[in-house]
Amino acid sequence: MTRLELRNMRKNFGALEVLAGISLHVEEGEFVSILGPSGAGKSTLFQLLTGAIRGEGEMRFDGAPLDGARFAFMPQRDALMPWRRVIDNATLGLEVQGMKRRAARERVAPLFAEFGLAGFERAWPAELSGGMRQRAALLRTVVQQRDMLLLDEPFGALDALTRAAMQRWLETMWRNHRWTALLITHDVREAVLLSDRIYVLSARPARVVREVAVPLPRPRTESTAFARKAAAIEAGILDILLGAAEPISRPSDGENR
Amino acid sequence: MLPAPSRVLAKAWENRAALADNTLPTIRATLAGFACSLVAAFILSALVDFFAPLRRALFPLLIASQTLPLVAIAPLVVLWFGFGLLPKILLVALVTFFPMMVALVQGYAATAKEISQMLAAMGAGRRRIFWLARLPSALPYFFAGLRISITYAVVGAIFAEYAGAAKGLGIYMLSAKNNFRPDLVLAAVAVSSALTLTLFVLAVLAQRLAVPWENAKSERAGRYGDKPSREGRP
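Residues numbered from 1 in each chain as written. Chains lettered and ligands numbered in written order. Predicted model: local features only at pLDDT ≥ 70, side-chain atom pairs only at ≥ 80, totals over all residues. Heavy atoms only, no water.

Novice: Where do I start with the overall build of chain B in this structure?
Specialist: Along chain B, the regular secondary structure elements total 10 helices and zero strands. Listing each helix as α and each strand as β along chain B from the N terminus yields α-α-α-α-α-α-α-α-α-α. Relative to its 234 residues, chain B shows a buried fraction of 44%. Summarising the internal contacts of chain B: among those between residues at least 6 apart in sequence, 77% fall at separations of at least 24. In the structure as shown, chain B presents an accessible area of about 12,400 Å², 70% of it carried by carbon and sulfur atoms. Of note, chain B has its 23 positive side-chain charges centred 5 Å away from the centre of its 10 negative side-chain charges. (Helix = DSSP H or I, 4+ residues; strand = E, 2+ residues; numbered from the N terminus. Buried < 20%, exposed > 50% of the residue type's maximum accessible area, 1.4 Å probe, protein only. Contact = heavy atoms within 4.5 Å. Areas by Shrake-Rupley, 256 points an atom, 1.4 Å probe, with all protein chains shown as cover. Lys, Arg positive; Asp, Glu negative; His and termini not counted. Charge placed at Lys NZ, Arg CZ, Asp CG, Glu CD.)

This is the structure we're talking about:
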């Protein structure tokens, strides 16, 4: 079942054309990535989805025009509030939805172990390591129980080793929960490791230059067989990103499958 | 003309009843004035945060208020509002208001953009974002402003009393001076310094209680020797 569908989304900031007609779709329980060079307008796309800005084009969810509260959004960097303890950061979305703080704490507390944060409920974010902060931020995102996750370069600020560990961890978590998720990243390896499908964007003004399926079995542990297949897909994507590949999606195309 | 510290202390002890009697009204004026100033700073800063044009209208007035020479304005305020508590409250508020107001406005503006965006995506409105994010973000700034303000507060009260009061450290200093008793003037000065120091320490303690996460940050930095926080990074 198609959950999110974008048709020919465009956005200009004054004379600056940022999105030149983006069409994509995300199925129920599917992990989709949007991969593109820095400054391509990936975050603009998320701002359109969360309603922070308006653009032209059509956004549909479950077949109906997209209305407000469909997404749980995880911003670049963790955006943990330094003045709230970890558990109160995790409950933030529920509190904004109107849940009482105590009830919200009872809801999130059992999840701390699964997110590798057991024992840190009462810690301040400043006392956590970078990886733990990201896990806390993801916990805050998923407990909102929205229809879909939007992950905006969630591991971009981490060091390489922590990032690799977090990517594997997220892959495991996703296998257990099968969230419908849309990830923005410029890390090719990350996209291939996590995604079912990848939309590759061009430099600004952004359009979809290629839609890449990642038909690799899960769990995607680092076996040699997996690594070889993954490397082939990664190389193909890098060719598209770095080489002068012709865009297959023109603004007028509408959909491309 | 310059009495030895030992003599000042001895005379202060001799006149402790009179000094205490004159210190209490000063404390009352200081605290009442500071409380009013704090409330006003909070309300005005919040208004300015919600209605940006107000900032441009209000700030020139506030800055102008800081250029008023206390020596000239204090007698006028006493003339207008009498010898009671009100003129003291007004003068203390006048000298302590500005640093807190500026600190709060600056602090609201320092709210991390990702946090505001995330709250908006969660469905929080402007007022919600103010309480959940902008106000807590401003707290460390606010306390920096408060520590500056509080050192002006006692001086403001003393100025007001100097211009006219029934009792208070200011009027005590004035009459001691008129009686050619520099030792008693200095004794009152020592009391007012002690008052300011006490208030400052109280402000620091209040900050510890109200902003506990800042302590956690610096403790971690101390323990692990790493960067205190990633918040400031571009």
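Let us keep going from here.
Novice: How should the sheet that holds strand β7 (residues 148-152) of chain A be read in this particular structure?
Specialist: Hydrogen bonds between backbone atoms are what pair the strands of a sheet, whose relative direction is either parallel or antiparallel. Residues and elements named next belong to chain A. Here we have six strands laid out as an open sheet, ordered β6-β7-β8-β3-β9-β10, and mixed in their pairing. Bordering the open sheet on either side are β6 (71-74) and β10 (208-213), each of which pairs with just one other strand. Averaged over all pairs of adjacent strands, the angle between their axes in this sheet comes to 15°, without regard to strand direction. In this structure, strand β9 (residues 197-201) lies alongside β10, joined through five bridges in antiparallel fashion. (Pairing = 2+ DSSP bridges. Axes fitted to C-alpha atoms, helices over the stretch in contact; angles between N-to-C directions.)

Novice: Quick question: what am I supposed to make of the packing of aromatic side chains here?
Specialist: Aromatic rings in a pair are described by how distant their centres are and how their planes are angled relative to each other. For the structure on display, the rule yields 11 aromatic pairs over all chains. With a centroid separation of 6.2 Å and an interplanar angle of 45°, the aromatic rings of Phe42(B) and Trp131(B) are classed as tilted. Residue Phe42(B) is found in helix α2 (residues 16-50), and its partner Trp131(B) is found in helix α7 (residues 126-162); the two are separated by 89 residues along the sequence. The class of Trp131(B) is exposed, set by a relative accessible area of 51%. Arranged with centres 5.7 Å apart and planes meeting at 85°, the rings of Phe130(B) and Trp131(B) form a pair that is edge-to-face. Here a set of aromatic residues connected by ring pairs shows up, and it is made of Phe42(B), Phe50(B), Tyr108(B), Phe130(B) and Trp131(B). Its guanidinium or amino end placed over the ring of Trp124(A), Arg85(A) lies 4.1 Å from that ring's centre, counting from NZ or CZ. One Lys or Arg, Arg16(B), reaches over the ring of Trp13(B) and ends 4.2 Å from the middle of that ring. (Phe/Tyr/Trp six-rings, centres within 6.5 Å; stacked < 30°, edge-to-face > 60°. Lys NZ or Arg CZ within 6 Å of the ring centre and 35° of its normal.)

Novice: Help me understand the pattern of salt bridges in this model?
Specialist: Oppositely charged side chains can pair when the atoms bearing their charge come close. Inspection of every chain in the model, using the stated rule, returns 25 salt bridges over all chains. Notably, a salt bridge pairs Asp183(B) with Arg7(B), separated by 3.0 Å at the nearest N-O pair. Of this pair, Asp183(B) sits in helix α9 (residues 182-210) while Arg7(B) is found in helix α1 (residues 5-14), placing the two residues 176 residues apart along the sequence. When salt bridges with common partners are traced through the structure, they connect Arg84(A), Asp88(A), Glu95(A), Arg101(A) and Arg105(A) into a single cluster. (Salt bridge = Lys/Arg side-chain N within 4 Å of Asp/Glu carboxyl O.)

Novice: I'm lost on the layout of surface pockets in this one. Help?
Specialist: With a probe scaled to a water molecule rolled over the atoms, the places where space remains empty come into view. By volume, the largest pocket amounts to about 470 Å³. The wall of the largest pocket is formed by 18 residues, among which Ser43(A), Gln76(A), Asp152(A), Glu114(B) and Gln117(B) lie closest to the centre. At the level of secondary structure, the elements contributing two or more residues to the lining of the largest pocket comprise α1 (42-50) of chain A together with α6 (113-122) of chain B. Here the lining of the largest pocket takes five residues from α6(B), the largest share from any one element. (1 Å grid on protein atoms, 1.4 Å probe; cavity = no way out; pocket = protein on both sides within 12 Å on 5 of 7 lines; lining within 4 Å. Points joined across faces, edges and corners; volume = space filled by probe spheres on them.)

Novice: I would appreciate a short explanation of the packing of α2(B) against α7(B) in the present structure.
Specialist: Residues and elements named next belong to chain B. It is at 8 Å that the axes of α2 and α7 come closest, and there the two elements cross at 145°. Of the two possible hands of crossing, α2 and α7 adopt the one that is right-handed. Residue composition of the contact of α2 with α7, by class: 17 nonpolar, three polar and five charged. (Left-handed = near helix turned anticlockwise from the far one by under 90°. Nonpolar A, V, L, I, M, F, W, Y, C, P; charged D, E, K, R; others polar.)

Novice: Can you walk me through helix α4 (residues 70-81) of chain B in this structure?
Specialist: Within an α-helix, residues lying three or four positions from one another point in the same direction, as the helix has 3.6 residues per turn. All names here are of chain B. Here α4 spans 16 Å end to end across 12 residues, near enough to the 16 Å set by a 1.5 Å rise per residue. Within α4, burial applies to Leu70, Ile73, Ala74, Val77 and Val78. Taken down its axis, α4 places every buried residue within 135° of arc, on the same side. Opposite the buried face of α4, at more than 90 degrees from it, the exposed residues are Val71, Leu79 and Trp80. In the core, the buried residues of α4 are packed alongside α5 (85-109) and α7. Positive phi appears at Gly82, one or two residues downstream of α4, with a value of about 85°. (Expected span 1.5 Å × (residues − 1). Arc of directions from axis to C-beta.)

Novice: Honestly, helix α6 (residues 160-177) of chain A in this entry has me stumped. Any pointers?
Specialist: All names here are of chain A. With 18 residues, α6 should reach 26 Å at 1.5 Å per residue; the first-to-last C-alpha distance of 25 Å fits that figure. Close packing links the buried residues of α6 with β3 (31-35), α5 (130-142), β7 and α7 (188-194). In the segment just after α6, Arg178 is the residue with positive phi, at about 50°.

Novice: Explain the interface of chain B and chain A here, please?
Specialist: Quoted interface sizes are often the accessible area lost when the parts come together. With 23 residues of chain B at the contact, the number on the chain A side is 28 residues. Summed over both sides, the interface of chain B with chain A buries roughly 2,400 Å², with 61% coming from carbon and sulfur. Inspection of the region where chain B meets chain A yields one salt bridge. Notably, a salt bridge pairs Glu114(B) with Arg77(A), separated by 3.4 Å at the nearest N-O pair. The interface formed by chain B and chain A includes five residue pairs in polar contact (both at pLDDT 80 or more). Only α6, α7 and α10 (212-224) of chain B provide two or more residues apiece to the side of chain B that touches chain A. In terms of residue count, the dominant contributor to the side of chain B that touches chain A is α6(B) (seven residues). (Buried area = accessible area lost by both parts, 1.4 Å probe. Polar contact = N/O pair within 3.5 Å; in protein donor to acceptor, adjacent residues only side chain to side chain.)

Novice: Looking at this model, I keep getting lost on the pairing of strand β4 (residues 56-61) of chain A. Mind explaining?
Specialist: Looking along a regular strand, one sees side chains alternate from face to face of the sheet. All names here are of chain A. Sheet topology places strand β1 (residues 2-13) next to β4; five bridges connect them, and they run antiparallel. Bridged to Arg10 within β4 is Glu56. Pairing geometry for β4 and strand β5 (residues 64-65), over two bridges, is antiparallel. Its bridge partner being in β5, Phe61 is matched across the sheet by Ala64. Counting the residues that bridge the hairpin from β4 to β5 gives two residues, and of these Asp62 lies at a positive phi of roughly 50°.

Novice: How should I be thinking about the side chain of Ser116(B) in this particular structure?
Specialist: By the secondary structure assignment, Ser116(B) is in helix α6. Setting aside chain neighbours within four positions, we find Ser116(B) in contact with Thr111(B) and Ile129(B).

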